[in-house]
Amino acid sequence: MTPDRSKKLVNQLFMLFKTAQIHDPANRAFQQPLEQFRQTLNETISAEGSLTLESVEMSLYLNEAKIRTDISTFGTFQYLQDEFFQKNVGGIRFVSCPSLQELTQFVRLIVRGNDPTRIGAEALNSALTDQQIGNIEFLERAEKATTSSDQATQKTEHKRRALKNYVKAIDLVRDSSFRIAKAKAVDTRKAKRIVYDLVDICISEGFSFLGLSSIKNYDEYTYNHSVNVCIVSIGFGKNLGLSKKQIGELGIAGLYHDYGKLSIPREILNKPGRFDPHEWEIMKTHPLKSIKTLLSQKEIQETDIKKMIAAFEHHRNYDCTGYPQTGVKKEMNFYSKVVAIADAYDAMTTNRVYQRAMLPTYALKILVDNGGTKFDPILVKAFINTVGMYPVGSLLRMTNGSLAVVTAENKDPSKLDRPFVRIAVDSQGNRLEQGPEIDLADPAMGAGWDISTILRPEEYRINVAHYLFGDIAESMKPATSN
């Protein structure tokens, strides 16, 4: 985003808030700045996918970029920061452009004075939900880290925020299945908010984002799988150098890729043995069921079209030999090819009622072996560069006998076989709650530490999530739907 547009947005928001304090929304004096701000907001969201304005310490950040201030804008910045401080929020996020009516309700909410029932992000977001405004979100207050201690705190907060959104996404997919069963509308705007928050976390690089996908829930595979494909797609998209908007669209495509399965009878989805021919034909209808479900929503936007294409195509195969067959040999959409790889990788590395999870290294080999037939061979190579030879969450036996969990991939493509690891069991067989983290690629730190083999965590009763997220993972549990 250009500095000029950043300042323009901030100035227009300032004028909107100030005008709302002295004029009724029906007054033309209010309508004019409202329309101007919405136009600039729409242009920005169309270009970048979403817009986040955050106040941290003494600075304002627009989509993670610090906005430079000068004597002419100091008063404007100070006013907005004071408004956020008085409301005890860290900022606001627009995940799509609101209508003029929604924007008016939002402005009324934030300038109505220090109502104690409207203080804090949670209370304000609840008020937005009550008014059925799902494309605007208030953010929790946050601080930028400066010292090493602060950086550790910030990293913990990034993990907490990521896990919180992971759980929200699981709950969202579960809730969607109940809504679909009752022919009710699915909350797509809430989904977009969650996905773009995950994109922000991924871009910030506070920790190894792909570690989220190592969270596996055997009992809720369909829900868990959709969210993990979303996570892997976001991380993959970032590594491919896509824009924030494209990464967000890819994440949404990943989240919705299997929505048709929510309409498949559970006795077929959870069948422990092989499908008979009739059951297999029913399973193969899920791409078309996804399209039908998504088309039933009230609003269809550009992002919706892209996620529908990915939902329809992700089983068609790179060489068009998969399903559904269309009679036309047309190359798969780029998002579809990315989601197909993420979908296959997570499916292969997760325990299911009819399949034991494969070791990540074996799953990567299958992707390579099927490059050019099922998967785009160039994207497969890029995927391996993204996750590394030993993906985050892998359990390794070291040559000295200790056991270690991979906590981060190495960014250097020439050192994909030397990840960051955390020791879970030392060479004497003692379990460590949070052992030391070692950069195997570091000549000094990694000296003498070599990988022997990759293991199955469940066979050694190793809770991978604990070593990636610490005690935070224990407190983050999905809600239970009735």
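Definitions and limits used
Residues numbered from 1 in each chain as written. Predicted model: local features only at pLDDT ≥ 70, side-chain atom pairs only at ≥ 80, totals over all residues. Heavy atoms only, no water. Core = buried A, V, L, I, M, F, W, Y, C linked by side-chain atoms within 4.5 Å. Buried < 20%, exposed > 50% of the residue type's maximum accessible area, 1.4 Å probe, protein only. Contact = heavy atoms within 4.5 Å. Pairing = 2+ DSSP bridges. Helix = DSSP H or I, 4+ residues; strand = E, 2+ residues; numbered from the N terminus. Axes fitted to C-alpha atoms, helices over the stretch in contact; angles between N-to-C directions. Parallel < 35°, antiparallel > 145°, perpendicular 65-115°, else oblique. Nonpolar A, V, L, I, M, F, W, Y, C, P; charged D, E, K, R; others polar. Phe/Tyr/Trp six-rings, centres within 6.5 Å; stacked < 30°, edge-to-face > 60°. Lys NZ or Arg CZ within 6 Å of the ring centre and 35° of its normal. Salt bridge = Lys/Arg side-chain N within 4 Å of Asp/Glu carboxyl O.

1. A few points about the nonpolar core
By size, the foremost hydrophobic cluster in this structure holds 73 residues, and its most contacted members are L212, I234, L255, L367 and F383. Every residue in contact with L255, bar those within four places of it in the chain, is listed here: L172, V173, A191, V195, S226, V227 and C230. Grouped together as the second largest cluster of nonpolar side chains are 38 residues, L53, F94, L103 and V111 included.

2. Some points on the sheet that holds strand β3 (residues 65–66)
If you trace the five strands from one edge of the open sheet to the other, you get β3-β2-β1-β4-β5, paired in antiparallel fashion. Among the strands making up the open sheet, the edge pair consists of β3 and β5 (136–139). In the sheet, strand β2 (residues 59–62) pairs with β3 via two bridges, with the strands oriented antiparallel. Across the sheet, residue Y61 finds its bridge partner in β3, namely K66.

3. Side note on the packing of helix α1 (residues 3–20) against helix α4 (residues 100–111)
Look at α1 against α4: their axes get within 10 Å of each other, and the N-to-C directions meet at 70 degrees. When the axes of α1 and α4 are compared, the pair comes out roughly perpendicular. Where α1 abuts α4, its residues L16, F17 and A20 lie against F106, V107, I110 and V111. Partitioning the contact of α1 with α4 into residue classes produces seven nonpolar, no polar and no charged.

4. What about the packing of aromatic side chains?
Going through the model one piece at a time under the given rule, you end up with eleven aromatic pairs. Ring centres of F17 and F106 lie 6.2 Å apart, and the angle between their planes is 50 degrees; on these two criteria the pair is classed as tilted. One end of the pair, F17, is in helix α1; the other, F106, is in helix α4, with 89 residues separating them in the sequence. Assessed through its relative accessible area of 0%, F17 is described here as buried. The buried category is assigned to F106, whose relative accessible area is 0%. Geometrically, the ring pair formed by F334 and Y335 is tilted, given 6.1 Å between the ring centres and 55 degrees between the ring planes. An aromatic cluster is built from F17, F37, F94, F106 and F138, whose rings are joined through pairwise contacts. Here the basic side chain of K307 rests over the ring of Y256, its NZ or CZ set 3.9 Å away from the ring centre.

5. Looking at unusual backbone geometry
In the segment running from Y323 into P324, the intervening peptide bond is cis, with an omega of -5 degrees. Here P324 shows up in the loop between α13 (302–313) and α14 (334–348). Positive phi is not limited to glycine here, since N63 has a value of about 50 degrees. Its location among the elements puts N63 in the loop between β2 and β3.

6. Regarding the side chain of N317
Structurally, the position occupied by N317 is in the loop between α13 and α14. Excluding its chain neighbours within four sequence positions, the residues that come into contact with N317 are G322, M332, T373 and K374.

7. Some details on the pattern of salt bridges
Summed over all chains, the structure comprises 21 salt bridges. Across the pair D200 and K244 runs a salt bridge, and its minimum N-O distance is 2.9 Å. With D200 in helix α7 (residues 188–204) and K244 in helix α9 (residues 244–256), this residue pair connects regions lying 44 residues apart in the sequence. The residues D200 and K244 share a single accessibility class, namely buried. Here K261 and D258 are joined by a salt bridge, their closest N and O atoms 3.5 Å apart. Overall, K261 belongs to the buried group, its relative accessible area being 11%.

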